[in-house]
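# Close look at the chain arrangement
Below are the chains, spelled out letter by letter.
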Amino acid sequence: MKIRVLGAFGGEGLGHRPSAFLVNDRILIDGGNVTGALTIPQQLSIEHAIVSHAHLDHIAGLVYLTETLAFCEVGAAVTISSIDPVINTLRAGVFNNALWPDFSKIPHPDVPVVKYRTLVEDVEQRVGDLWVTPVPVSHTVPATGFIVHDGSSGVIYSGDTGPTEALWRTARGLRGLRAIILECAFPNRLGPLAQVAKHMTPALIQRELDKLPPDIPVWIFHVKPQFHEEVSEELARLESGRVSILEQDKTYFI
Ligand SMILES: [Zn+2]
Ligand SMILES: [Zn+2]
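A brief structural summary. (Residues numbered from 1 in each chain as written. Chains lettered and ligands numbered in written order. Predicted model: local features only at pLDDT ≥ 70, side-chain atom pairs only at ≥ 80, totals over all residues.)

## Brief notes about helix 2 (residues 56–72)
The α-helix advances 3.6 residues per turn, and as a result positions three or four apart in sequence lie on the same side. In this model, helix 2 (17 residues) spans 24 Å end to end at C-alpha, consistent with the 24 Å of a helix rising 1.5 Å per residue. Taken as a whole, helix 2 has its buried residues at Asp-57, His-58, Ile-59, Ala-60, Gly-61, Leu-62, Val-63, Leu-65, Thr-66, Thr-68 and Leu-69. (Helix = DSSP H or I, 4+ residues; strand = E, 2+ residues; numbered from the N terminus. Expected span 1.5 Å × (residues − 1). Buried ≥ 20, exposed ≤ 12 C-beta atoms within 10 Å, placed from the backbone.)

Laid out in structure tokens, this is it:
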């Protein structure tokens, strides 16, 4: 499996793009930023987007992607897959002909640029050439992490979450697990904010590590740009040697 980091951060800053990952050139995991990281031919290769939740730092890039698909090639389309409440928010709150055009009816309802697909929680489903299992996590809005598998190797993606249980429980014993992509948003001094906003700090990750499948590398994403240096230093001091921060624009092969 090939995972390209389009955006590694939990917000936008100079050189910092919101969270998005491109798997095997065709499937997005979240789309906080897409068009700022890819050429137009690369954007046109995208067929699916699986979305963890509807916060803007995970979906904003999808709105510009839809424009690329609409104007550049007849018949280009992306299928946005997520749990029911997330799809409803995208339909009613984003692609609603007020905030953005309803690309599920453009250029024509029979051949739209955006197709929606509702994923069932805790069930492994085929998305493109991958197997995807959405598992509910602990965030301020309906949100899931994903277990993503290609039949031989797999990765766990936390999405946005505070301390959580079900995702790690579901992942235990997963065959071919190669990496855990885990969020961290705030430095330790903002622990109370992390608790309210349901995000991780390095101290919370230290505790989370005991629940994670053992001996699997933990790749951190979603650090808020303004705290990047501080969080990096705190993560470097964790006792576990298996935690590292994902590099934006790098491609990881697992
Ligand atoms: Zn986020
Ligand atoms: Zn969020």
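## Describing helix 3 (residues 84–94)
Turning to helix 3, its buried residues are Val-86, Leu-90 and Val-94. End-on view of helix 3: buried residues confined to an arc of 45°, all on one side of the axis. Those residues of helix 3 that are exposed and aimed more than 90 degrees away from the buried face are Asp-84 and Ala-92. Summarising the contacts, the buried residues of helix 3 are in contact with helix 2 and strand 5 (78–82). (Arc of directions from axis to C-beta. Contact = placed C-beta atoms within 7 Å.)

## Remarks on unusual backbone geometry
Following Ile-106, the chain continues to Pro-107 via a peptide bond in cis, the omega torsion being 0°. Mapped onto the fold, Pro-107 is located in the loop between helix 3 and strand 6 (114–118). Of note, the phi angle at Lys-198 is positive, near 55°, even though the residue is not glycine. By secondary structure assignment, the location of Lys-198 is in the loop between helix 5 (191–197) and helix 6 (202–208). We classify Lys-198 as partly exposed; it has 18 C-beta atoms within 10 Å.

## A short note on the pairing of strand 2 (residues 20–23)
Residues Ala-20 and Leu-22 line one face of strand 2 and the alternating positions Phe-21 and Val-23 line the opposite face, and both faces are buried. In this structure, the hairpin formed by strand 2 and strand 3 (residues 27–31) is closed by a connection of three residues, where Asn-24 is found at a positive phi of approximately 50°. (Pairing = 2+ DSSP bridges.)

## Comments concerning the environment of Asn-24
By secondary structure assignment, the location of Asn-24 is in the loop between strand 2 and strand 3. Look at Asn-24 and you get partly exposed, because 15 C-beta atoms sit within 10 Å. Through-space distance from the C-alpha of Asn-24 to that of Phe-253 is 9.6 Å; in sequence the pair is 229 residues apart. Residue contacts for Asn-24: discarding those within four places in its chain leaves Met-1, Lys-2 and Asp-129.

## Observations regarding the nonpolar core
In terms of nonpolar packing, the biggest core is built from 71 residues, with Leu-28 and Ile-220 touching the most fellow members. By residue number, the principal contributor to this core is helix 2, which donates six residues. The contacts of Ile-220, once residues within four sequence positions are left out, are Leu-182, Cys-184, Leu-235, Val-243, Ser-244, Ile-245 and Leu-246. (Core = buried A, V, L, I, M, F, W, Y, C linked by C-beta atoms within 7 Å.)

## Looking at the sheet that holds strand 3
Spatially, seven strands are ordered 6-5-4-3-2-1-14 in an open sheet, and the strand pairing comes out mixed. Looking at which strands have only one partner, the edges of the open sheet turn out to be strand 6 and strand 14 (251–253). The average angle at which neighbouring strand axes cross in this sheet is 25°, direction not considered. Here strand 5 pairs with strand 6 via five bridges, running parallel. Each residue of the ladder has a partner; that of Thr-79, found in strand 6, is Lys-115. Contacting strand 2, strand 3, strand 4 (48–50), strand 5 and strand 6, helix 2 runs over the sheet at an angle of about 130° to strand 3. (Axes fitted to C-alpha atoms, helices over the stretch in contact; angles between N-to-C directions.)

## Some words on the sheet that holds strand 9 (residues 144–149)
The strand order across the open sheet formed by seven strands is 7-8-9-10-11-12-13, and the pairing between neighbours is mixed. Of all the strands in the sheet, the pair left with one neighbour each is strand 7 (125–127) and strand 13 (243–245). If you compare each strand with its neighbour and ignore which way they point, the axes differ by 30° on average. When strand 10 (residues 154–157) meets strand 11 (residues 177–183), the two strands line up parallel, connected through four bridges.

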